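The chain contents come next:
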Amino acid sequence: LGVYYSQKKHYIESYDSTKLALFGFEDALPGDDLNLYQYSRTKTATTQNYIEMPLLVKYEYKMLEFFGGPYFGFMIGAKTVESSESNVPLLQTIDINSFDETGVITAFLPPKYAYEINESSSVKNLKSLDFGLRVGMAIKSEIGLGLRGSYSFGMIDYRTNDNQSTKQKYGYTQFSIFYELPLK
């Protein structure tokens, strides 16, 4: 039994491509090798901070210790960083400003390159409770110094909208060095 601070992260990366709409002139452009697509990439990293309380059963054999049981985590905060990047190879190759000095054409085109970062500390769409099972083992010396390793299996989807076909659960490994104080 104990109380721990835990930080859990998950990453999502998505790609998209869209053909440029050039006012109906895209088919009239010369050359079959013109790349008329806009490419986009979005990376999202979410960090969730928890206070965790495991309820573990422990079995000791000589210098080895085996343990397992449920854990409960209560989210105390979250941070999401999303970066979006898009580029249009055609517009990076052709300088449209050289024949569109008024900017009328370029006003209707996407930028040739764009990069944007957004940060949020919203916990919207994230469940405030995490629950799962933890199993592990430890080895300790006669003086109380030891090494512990465990694996935690998340049992519930960490998103509030868990009606999706793919469940997203946490699964993570922990390693620690510890010292047990002799209490007599």
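Residues numbered from 1 in each chain as written. Predicted model: local features only at pLDDT ≥ 70, side-chain atom pairs only at ≥ 80, totals over all residues. Heavy atoms only, no water.

(A) Region of interest: the overall build of the chain. The helix and strand tally for the chain stands at one helix and eight strands. The helix and strand sequence of the chain, counted from the amino end, reads β-β-β-β-α-β-β-β-β. Its C-alpha atoms give the chain a radius of gyration of 26 Å, more than 25% over the compact-globule value 16 Å for 184 residues. For the chain, the C-alpha atoms occupy an extent of roughly 85 × 35 × 30 Å along the three principal directions. Burial statistics for the chain: of 184 residues in total, 29% are counted as buried. Put simply, 69% of the contacts in the chain that link residues at least 6 apart link residues at least 24 apart. As presented, the chain carries roughly 12,700 Å² of accessible surface, and 58% of it is formed by carbon and sulfur atoms. When the 18 basic and 21 acidic side-chain charges of the chain are each reduced to a single mean position, those positions are 16 Å apart. (Helix = DSSP H or I, 4+ residues; strand = E, 2+ residues; numbered from the N terminus. Rg over C-alpha atoms; globule rule 2.2 N^0.38 Å. Buried < 20%, exposed > 50% of the residue type's maximum accessible area, 1.4 Å probe, protein only. Contact = heavy atoms within 4.5 Å. Areas by Shrake-Rupley, 256 points an atom, 1.4 Å probe, with all protein chains shown as cover. Lys, Arg positive; Asp, Glu negative; His and termini not counted. Charge placed at Lys NZ, Arg CZ, Asp CG, Glu CD.)

(B) Molecular detail of the packing of aromatic side chains. A full pass over the atoms with the stated rule returns four aromatic pairs. For the ring pair Phe72 and Phe131, a centre distance of 5.2 Å and an interplane angle of 35° mean the geometry is tilted. Of this pair, Phe72 sits in strand β4 (residues 64-87) while Phe131 sits in strand β6 (residues 129-140), and the two are 59 residues apart along the sequence. With a centroid separation of 4.7 Å and 75° between ring planes, the pair formed by Tyr151 and Phe153 is classed as edge-to-face. According to the relative accessible area criterion, Tyr151 is partly exposed, its value standing at 32%. Sitting over the face of the ring of Tyr50, Lys8 holds its NZ or CZ atom 4.5 Å from the ring centroid. The ring of Tyr71 carries Arg134 above its face, with NZ or CZ at 4.9 Å from the centroid. (Phe/Tyr/Trp six-rings, centres within 6.5 Å; stacked < 30°, edge-to-face > 60°. Lys NZ or Arg CZ within 6 Å of the ring centre and 35° of its normal.)

(C) Summary view of the side chain of Glu65. Looking at the secondary structure, you find Glu65 in strand β4. Given a relative accessible area of 3%, Glu65 falls into the buried group. Dropping the residues within four chain positions of it, Glu65 is found in contact with Lys58, Tyr59, Glu60, Gly136, Met137, Ala138, Lys140, Arg148 and Glu180.

(D) A look at the environment of Ile156. Here Ile156 lies in the loop between β7 (145-154) and β8 (171-179). Residue classification places Ile156 among the partly exposed positions, given a relative accessible area of 26%. For the pair Ile156 and Phe131, spaced 25 residues apart in sequence, the C-alpha to C-alpha distance is 6.4 Å. For Ile156, the contacting residues outside a window of four places in its chain are Leu129, Asp130, Phe131, Gln168 and Lys169.

(E) Examining the environment of Gln38 more closely. Mapped onto the elements, Gln38 comes out in strand β2 (residues 37-54). With 75 residues separating them along the chain, Gln38 and Tyr113 place their C-alpha atoms 9.4 Å apart. In this structure, Gln38 is in contact with Asp16, Ser17, Thr18, Leu20, Ser86, Asn87, Val88 and Pro110, ignoring residues within four places of it in sequence.

(F) Expanded view of the pattern of salt bridges. According to the stated counting rule, one finds 12 salt bridges in the structure shown. Lys58 serves as the salt-bridge partner of Glu60, at 3.3 Å between the closest nitrogen and oxygen. Given a relative accessible area of 40%, Glu60 falls into the partly exposed group. Arg148 is the partner of Glu65 in a salt bridge, and the nearest nitrogen-oxygen pair spans 3.7 Å. Taken as a pair, Glu65 in strand β4 and Arg148 in strand β7 lie far apart in primary sequence, 83 residues in all. Ionic contacts of the salt-bridge type, sharing partners, join the residues Lys58, Glu60, Glu65, Lys140, Arg148 and Glu180 into one network. (Salt bridge = Lys/Arg side-chain N within 4 Å of Asp/Glu carboxyl O.)

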